[in-house]
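Examining the three-dimensional arrangement
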Amino acid sequence: MSAKQERTVEIFEHAPVHKAVFINIIPSVVSMIMVLVYNLADTFFIGQTKDPLMMAAVSLATPAFLFFMAVGMLFGIGGTSLISRMLGQGRDQDARHACSFCFWTGATVGVIGMVVILAAIDPVCSLVGATPATEGYVRQYLQIVSVGVPFLVIGNAFSNIIRAEGKANKAMMGMILGNVANIILDPVMILGFGWNVAGAAVATVIGQILSAGFYIAHFMMGQSSLSIRLRDYRAGGQIATGVLAIGIPASLNSVLMSTSNVLVNKLMTGHGDMAVAGLGVAMKVNMVAVMLLIGVGTGIQPLLGYNFGAGNRKRFMRVLRFSLILAVVLSLVMSVICYLGAGPMVRAFMDDPNVYDFGMQFARTLIISGPVLGVLFVMINTIQSMGAAVPSLLLSISRQGLLYIPVLFLFHAVFGTASTLVLAQPVTDYLSTGLSILLFVIAFRKHFIRRDEVLE
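Residues numbered from 1 in each chain as written. Predicted model: local features only at pLDDT ≥ 70, side-chain atom pairs only at ≥ 80, totals over all residues. Heavy atoms only, no water.

Quick notes on the overall build of the protein chain
In terms of regular secondary structure, the protein chain is built from 18 helices and 0 strands. Since a compact globule built from 456 residues should have a radius of gyration of about 23 Å, the 21 Å found for the protein chain is in line with a globular shape. Seen through its principal axes, the protein chain has C-alpha atoms that stretch 65 × 45 × 35 Å. In the protein chain, which comprises 456 residues, the proportion classed as buried is 58%. (Helix = DSSP H or I, 4+ residues; strand = E, 2+ residues; numbered from the N terminus. Rg over C-alpha atoms; globule rule 2.2 N^0.38 Å. Buried < 20%, exposed > 50% of the residue type's maximum accessible area, 1.4 Å probe, protein only.)

Structural data, given as C-alpha cells:
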C-alpha cells in the first residue's frame, strides 16, 4: 500500500470521528464559501452598474448555467460515491478506471453542451424566460459562458472526485484558485473595462479554465492514486452503471433546480422585472446558509462511502450522528444570521428601492427553511454514499420537482402574489427533509443491515 493510500485509510478508518469529519468537511465548506463569494461578487459588481435589467438578466441566465453544473455533478457525485466504495473494498485498479471514465465522458458531454448552446442561443434565451428588455444581456452572457462549459463540467466533477481518495485540501485548492481569479477579475472587467454583463461572463470562464487546469495538472504530475489517462478508461464492469446510478439522481436535483428556477422566474415576470431582480438578490443572500450546509453534506460523503464499502456499520453511524448534530447547530446559527442580516446584504447588491423591497421580503421568506437544511443535505449525501440508487432518485426528483413544482403552481393559483411564489421553496424543503429521513431508514435497512445479516 502506498503512502497516499495509507493516509486515506488512517483518516477514513482509524482517526477519531470528530477529527475525520472535520478533516473532510472543512475543505468542503471552504470550497462552498468560495463558490458563494464568487456568486456574490458577480451579483455585487453587476449591481454597481445601477442597472436592474442587468441584474434580472443574470438571474434569468443562471438556470442554464446550473444545468451544466448538474452535468459535472453527475460525474462528480456519482464518481465520488463509486470510487470511495471501491477504495473501501480494496479495488484500487477499478477506482482508477472509474476516475478516467468520469473525466473523458464528462469532457465529451461538456463539449457537446457548448456546441448546443452556441447553435441554439435564441431558443435557449426564450426558454429561460428572457423578456424584450433583458434578452440582449441574457444572450451576451450565455454566449460567452458557453465557451467554459467543458471546463465547468471537469472542474465541478473533480472538485468532488478528488475527495474520494482523501484529498479534500486539493479539491479545495482547485476551487479557490478559480473562484479567487473570478473575484479579482469581476471588478476589472465589469466596471474597469466597462464590459458589464459580458465582463462577468468572461471572468467566470477564466475561473473555470483555471480550476479545471489545476485538477488536470494534479493527475498529470502523479500526485494521485487515481487516473485520468485515456488508457485507463473503462465503461464496463459496472463502472458506467455505478457512476450513473448515483450521478443521475444527484444531477437531476440540479437539473430540476434549474427548471424550477426557470418556472419561478417566468411566474415572477408577471410581477415585473424588478421582482425578478429582487428574487435574484434574495437567492444570493439565501446561498450564504445553503452553500455552507451543502459543504457539510458533501464533505462527509467520501468518509461515509468508504466505511460503507468496508462494511464498518458502527463507524458509519458514529460519523452520521456527529455530522447531523453539527449540521443542526450550523443550520440554526446561519438562519439567525441570514434573517437579521437580510437588509444590509440585499442593499449591498442593489439599492434601487423597488428591488430592495422585493429582495428583503424574499430573502426573509427563503430563510424560513434554514433550520432543516443541514439535516436535508446530510441525508441526501448519506443516501448517495451507500449507492442507494432508487431512494437517491426519489429524493432528487421530489425536492425540486415532484414536490416543489406542484406547490409552486398551487400557491400561484390560490394566492397569486409574489411573496407566496417564494414561500413555495421553504414549504417544499420541510416536506423534503421528512422524506429524506424516511428514505434513509429504508435504504439503511436494505443496503447495510440486510447485507451484514447475509454475511453473518
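Having put the structure on the table, let's press on.
Thoughts on the side chain of Ser-225
With respect to the element layout, Ser-225 can be found in the loop between helix H9 (197–220) and helix H10 (239–268). Of the residues examined, Ser-225 reaches a relative accessible area of 19% and is grouped as buried. A distance of 2.8 Å separates the side chain of Ser-225 from the side chain of Glu-165, its partner in a polar contact. (Polar contact = N/O pair within 3.5 Å; in protein donor to acceptor, adjacent residues only side chain to side chain.)

Overview of the packing of aromatic side chains
One pass over the full model with this rule turns up 12 aromatic pairs. Seen in terms of ring centroids, Phe-214 and Tyr-215 are 5.8 Å apart; in terms of plane orientation they differ by 75°. Their pairing is edge-to-face. Three or more aromatic residues joined by ring pairs form one cluster here, namely Phe-103, Trp-104, Phe-158 and Phe-219. Geometry around Tyr-339 places Arg-364 over its ring, the cationic atom sitting 4.3 Å from the centre. (Phe/Tyr/Trp six-rings, centres within 6.5 Å; stacked < 30°, edge-to-face > 60°. Lys NZ or Arg CZ within 6 Å of the ring centre and 35° of its normal.)

Quick look at the pattern of salt bridges
All chains considered together, the criterion is met by 4 salt bridges. With its nearest N and O atoms 2.5 Å apart, the salt bridge here joins Asp-122 to Arg-139. Here the residue Asp-122 occupies a position in helix H5 (residues 121–127), and Arg-139 occupies one in helix H6 (residues 135–145), the gap between them amounting to 17 residues. Since its relative accessible area comes to 43%, Asp-122 is described here as partly exposed. Among the residues examined, Arg-139 registers a relative accessible area of 26% and is labelled partly exposed. A salt bridge links Arg-139 to Glu-135; its shortest N-O distance comes to 3.7 Å. With Arg-139 and Glu-135 both in helix H6 and 4 residues apart, the pair spans about one turn of that helix. If you follow the salt bridges from partner to partner, you end up with Asp-122, Glu-135 and Arg-139 in one network. (Salt bridge = Lys/Arg side-chain N within 4 Å of Asp/Glu carboxyl O.)

Brief notes about the packing of helix H4 (residues 92–119) against helix H7 (residues 149–161)
Where H4 meets H7, the axes come as close as 7 Å, and the angle between the chain directions of the two elements is 150°. The orientation of H4 relative to H7 falls into the category roughly antiparallel. Judged by the sense of rotation from one axis to the other, the crossing of H4 with H7 is right-handed. When H4 is examined against H7, the residues Cys-99, Cys-102, Phe-103, Gly-106, Ala-107, Gly-110, Val-111, Met-114 and Ile-117 are found in contact with a partner set consisting of Val-149, Pro-150, Val-153, Ile-154, Phe-158 and Ile-161. When its residues are assigned to classes, the contact of H4 with H7 shows 13 nonpolar, 2 polar and no charged. (Axes fitted to C-alpha atoms, helices over the stretch in contact; angles between N-to-C directions. Parallel < 35°, antiparallel > 145°, perpendicular 65-115°, else oblique. Left-handed = near helix turned anticlockwise from the far one by under 90°. Contact = heavy atoms within 4.5 Å. Nonpolar A, V, L, I, M, F, W, Y, C, P; charged D, E, K, R; others polar.)

Remarks on unusual backbone geometry
With glycine set apart, most residues show a phi of negative sign, and most peptide bonds adopt trans. A positive phi is found at Asn-196, a non-glycine position, where the angle reads about 55°. As for its position among the elements, Asn-196 is in the loop between helix H8 (168–192) and H9. Relative accessible area serves as the criterion here: at 26%, Asn-196 is assigned to the partly exposed category. The phi angle at Gln-238 is positive, at roughly 65°, despite the residue not being glycine. Tracing the backbone through its elements, the reader meets Gln-238 in the loop between H9 and H10. Classification of Gln-238 by relative accessible area gives exposed; the value is 64%.

Here we look at the nonpolar core
Ranked by internal contacts, the top residues of the largest apolar core, which has 135 residues, are Ile-83, Phe-158 and Met-268. When residues of this core are assigned to their parent elements, the largest contribution, 20 residues, is made by helix H11 (residues 273–309). Sequence-distant contacts of Phe-158, defined by excluding residues within four places in its chain, comprise Cys-99, Cys-102, Phe-103, Tyr-215, Phe-219 and Ile-228. (Core = buried A, V, L, I, M, F, W, Y, C linked by side-chain atoms within 4.5 Å.)

Topic: H10
If you check H10, its first and last C-alpha atoms are 42 Å apart, about what 30 residues at 1.5 Å a residue would give, namely 44 Å. The largest bend in H10 amounts to roughly 30° and is located at Gly-247, with the proline Pro-249 lying one to four residues further along. (Expected span 1.5 Å × (residues − 1). Bend = angle between axes of the 7 residues up to and from the residue.)

Comments concerning the confidence of the model for the protein chain
On average, residues of the protein chain carry a pLDDT of 85, and 95% of them reach 70 or more. Ranking the helices and strands of the protein chain by mean pLDDT puts H4 first, with 93, and helix H1 (residues 3–14) last, with 66. (pLDDT = per-residue confidence, 0-100.)

Details of helix H13 (residues 342–349)
For H13, every residue scored as buried is listed here: Ala-342, Gly-343, Val-346 and Phe-349. Seen along its axis, H13 keeps its buried residues to an arc of 130°; they face one direction. (Arc of directions from axis to C-beta.)

A short note on the environment of Ser-419
Within the secondary structure layout, Ser-419 lies in helix H18 (residues 418–455). A relative accessible area of 23% places Ser-419 in the partly exposed class. Taking the C-alpha atoms as reference points, Ser-419 and Thr-365, separated by 54 residues in sequence, lie 7.7 Å from one another. Those residues in contact with Ser-419, other than ones at most four positions away along the chain, are Gln-361, Phe-362 and Thr-365. Within the structure, the side chain of Ser-419 is placed 3.4 Å from the side chain of Thr-417, a separation counted as a polar contact.

Notes on the state of the cysteines
Counted by the stated rule, this structure contains 0 disulfides. Here Cys-102 stays free of any disulfide, with the sulfur of Cys-99 as its closest cysteine sulfur at 6.7 Å. For Cys-102, a relative accessible area of 1% puts it in the buried group. (Disulfide = S-S within 2.5 Å.)

What to know about the side chain of Ser-398
Considering the arrangement of structural elements, one finds Ser-398 in helix H16 (residues 389–402). Look past the residues within four positions of Ser-398 in its chain and what remains in contact with it is Leu-403, Tyr-404 and Leu-435.

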